[in-house]
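Coordinate inspection notes
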Amino acid sequence: MITKEATEAARPRAAVPEPPRPTTRRRAWDEAPRWQIYLPLGIYLVFTLIPFYWILLFALRPAGSTSLVPWPMTTAHFEKVWTDRGFGTFFQNSVLVGVATLFMTTLVALAGGYALARFDFRIKRGFMLALLCSQFVPGALLLVPLFEIFAELRMINSLGSVIIAETVFQLPLSMILLSNFIKNVPYSLEEAAWVDGCDRFRAFRVVVLPLLRPGLIAVGSFAFVHSWNHFLFALMFLNNQEKQTVPVGLNTLMSADSVDLGALAAGGIIAAVPVVIVFAFIQKWLITGFSAGAVKG
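Residues numbered from 1 in each chain as written. Predicted model: local features only at pLDDT ≥ 70, side-chain atom pairs only at ≥ 80, totals over all residues. Heavy atoms only, no water.

1. What about unusual backbone geometry?
Here the phi dihedral of R154 falls at roughly 60 degrees; this positive angle occurs in a residue that is not glycine. Inspection of the secondary structure assignment puts R154 in the loop between α7 (143-152) and α8 (159-183). We note that N157 has phi near 65 degrees; this positive angle belongs to a residue other than glycine. Structurally, N157 can be placed in the loop between α7 and α8. Judged by its relative accessible area of 23%, N157 is partly exposed. (Helix = DSSP H or I, 4+ residues; strand = E, 2+ residues; numbered from the N terminus. Buried < 20%, exposed > 50% of the residue type's maximum accessible area, 1.4 Å probe, protein only.)

2. Some words on a nonpolar patch on the surface
On the surface, a cluster of nonpolar side chains totalling about 720 Å² of accessible area is made up of Y53, W54, L68, V69, W71 and M73. Mapped onto the elements, W54 comes out in helix α3 (residues 34-60). (Patch = residues over 30% accessible without salt bridge, like charges linked within 9 Å, V, L, I, M, F, W, Y side chains within 5 Å. Areas by Shrake-Rupley, 256 points an atom, 1.4 Å probe, with all protein chains shown as cover. Salt bridge = Lys/Arg side-chain N within 4 Å of Asp/Glu carboxyl O.)

3. Remarks on the layout of surface pockets
To find leftover empty space, a probe the size of one water molecule is rolled over the atoms. Approximately 300 Å³ is the volume attributed to the largest pocket. F52, I55, G268, I269 and A272 are the residues nearest the centre of the largest pocket, which is lined by 13 residues in total. Secondary structure elements with two or more residues in the lining of the largest pocket: α3 and α14 (261-293). Looking at which element gives the most residues to the lining of the largest pocket, the answer is α14, with eight residues. (1 Å grid on protein atoms, 1.4 Å probe; cavity = no way out; pocket = protein on both sides within 12 Å on 5 of 7 lines; lining within 4 Å. Points joined across faces, edges and corners; volume = space filled by probe spheres on them.)

4. Brief notes about the packing of aromatic side chains
For the coordinates displayed, the defined rule picks out twelve aromatic pairs. Across the ring face of F58, the terminal group of R61 is positioned such that the distance to the ring centre comes to 4.6 Å. (Phe/Tyr/Trp six-rings, centres within 6.5 Å; stacked < 30°, edge-to-face > 60°. Lys NZ or Arg CZ within 6 Å of the ring centre and 35° of its normal.)

5. A few points about the packing of helix α6 (residues 124-134) against α8
α8 packs onto α6 with a crossing angle of 130 degrees between their chain directions and a minimal axis gap of 8 Å. In terms of orientation, α6 and α8 fall into the oblique class. Here α6 runs over α8; the crossing is left-handed. Note on element contacts: α8 touches α6 through P172, M175 and I176, opposite F127, L131, L132 and S134. Counted by class, the contact of α6 with α8 contains six nonpolar, one polar and no charged residues. (Axes fitted to C-alpha atoms, helices over the stretch in contact; angles between N-to-C directions. Parallel < 35°, antiparallel > 145°, perpendicular 65-115°, else oblique. Left-handed = near helix turned anticlockwise from the far one by under 90°. Contact = heavy atoms within 4.5 Å. Nonpolar A, V, L, I, M, F, W, Y, C, P; charged D, E, K, R; others polar.)

6. A few points about the pattern of salt bridges
Taken as a whole, this structure holds two salt bridges when the rule is applied. Across the salt bridge formed by R118 and E190, the nearest N and O atoms sit 2.6 Å from each other. Placement of R118 in helix α5 (residues 87-118) and of E190 in helix α9 (residues 187-195) is noted, with a sequence separation of 72 residues between them. Ionic pairing is found between D120 and K124, a salt bridge with its closest N-O pair at 3.4 Å.

7. Focus on the environment of L110
Position of L110 among the secondary structure elements: in helix α5. Its relative accessible area of 12% is what places L110 among the buried residues. With 109 residues separating them along the chain, L110 and V219 place their C-alpha atoms 9.6 Å apart. Once residues lying within four places of it in the same chain are set aside, the contact partners of L110 are L178, I182, F204, L209, L212 and L216.

8. Thoughts on the environment of M155
Tracing the sequence through the fold places M155 in the loop between α7 and α8. Taking the C-alpha atoms as reference points, M155 and L238, separated by 83 residues in sequence, lie 9.5 Å from one another. What M155 contacts, discounting residues up to four positions off in sequence, is F150, G160, S161 and I164.

9. Regarding helix α11 (residues 213-229)
For α11, which comprises 17 residues, the first-to-last C-alpha distance of 24 Å matches the rise-based estimate of 24 Å (1.5 Å per residue) to within 8%. Among the 17 residues that make up α11, twelve are buried, leaving the element largely enclosed by the rest of the structure. (Expected span 1.5 Å × (residues − 1).)

10. Quick word on α7
Turning to α7, its buried residues are L143, L146 and F150. Buried residues of α7, seen end-on, are gathered within an arc of 70 degrees and therefore sit on one face of the element. α7 presents V144 and E152 as exposed residues on the side facing more than 90 degrees away from its buried surface. (Arc of directions from axis to C-beta.)

11. Regarding the packing of α8 against α11
Contact pair α8 / α11: the axes reach a minimum separation of 10 Å and the direction vectors enclose 160 degrees. Considered as vectors, α8 and α11 are oriented roughly antiparallel to each other. Where α8 crosses over α11, the handedness of that crossing is right-handed. Here α8 contributes E166, F169, Q170, L173, S174, L177, L178 and F181 to the contact with α11, which in turn contributes P214, G215, L216, V219, F222, A223, H226 and S227.

And the structure:
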């Protein structure tokens with residue numbers, strides 16, 4: 001006897017339709033041929049590298065040569081710039097100004113950024129607005145008041161005047177970046193440290209400060225590079241040639257009658273090497289710091 005269950009089992013079952021697979025939309029650059037991507041990048045790379053090659057060409061080939069290949073190579077231009085034109089002294093002054101500006105800017109911006117991120121006070125919005133508006137003021141407008149202040153303090157022709165001016169000029173942007181970076185650190189971490197017996201300063205030093213490493217590196221490197229390349233403050237506040245920095249030293253290689261292209265190119269390479277080295281070592285931290293400090297957590 002055929003049971004009802006056997007009859008149901010013998011019936012052909014209808015095929016269960018499979019759920020539709022999600023279709024992935026192809027991006028525009030996946031559909032484009034490779035040459036349409038690499039050709040513009042190659043053209044941009046060529047236009048970027050040609051000026052660097054031209055500087056190396058003038059710096060390494062002998063004086064009076066018109067060859068497009070720096071052969072035979074010579075270091076006479078570097079020796080002339082470093083010893084005869086005083087670039088060794090300029091380099092030391094620029095290192096001193098850059099390192100001092102780095103530490104002063106980072107220290108003051110760290111304290112101000114923490115106050116802006118963790119405390120609420122009555123003029124906080126107005127203070128933030130003033131910091132933002134100060135970025136629209138060109139440095140040339142600060143020359144006259146800063147010169148008068150440094151003259152009263154007898155700091156003209158002193159590297160301290162350039163360091164203070166560079167620090168003041170870098171502080172608004174550095175403080176804003178660090179305050180936004182500190183906001184991304186959970187406040188509960190500090191509260192947990194307080195519960196464990198730490199005071200505010202120790203909790204900040206032990207818990208928060210290690211997490212701010214990318215932001216500190218980004219702010220410090222930006223302050224160093226800007227003070228290294230800045231020309232205006234050093235030109236106005238330093239009169240003695242032994243106190244001048246590398247950008248002002250490059251300006252002394254150009255006269256109204258002639259320009260020593262070989263020496264100028266060698267000086268430009270000397271000025272660019274520290275910046276290239278700094279960015280080569282801190283590129284990872286720099287990108288992380290600026291991306292994290294640019295948004296509010």
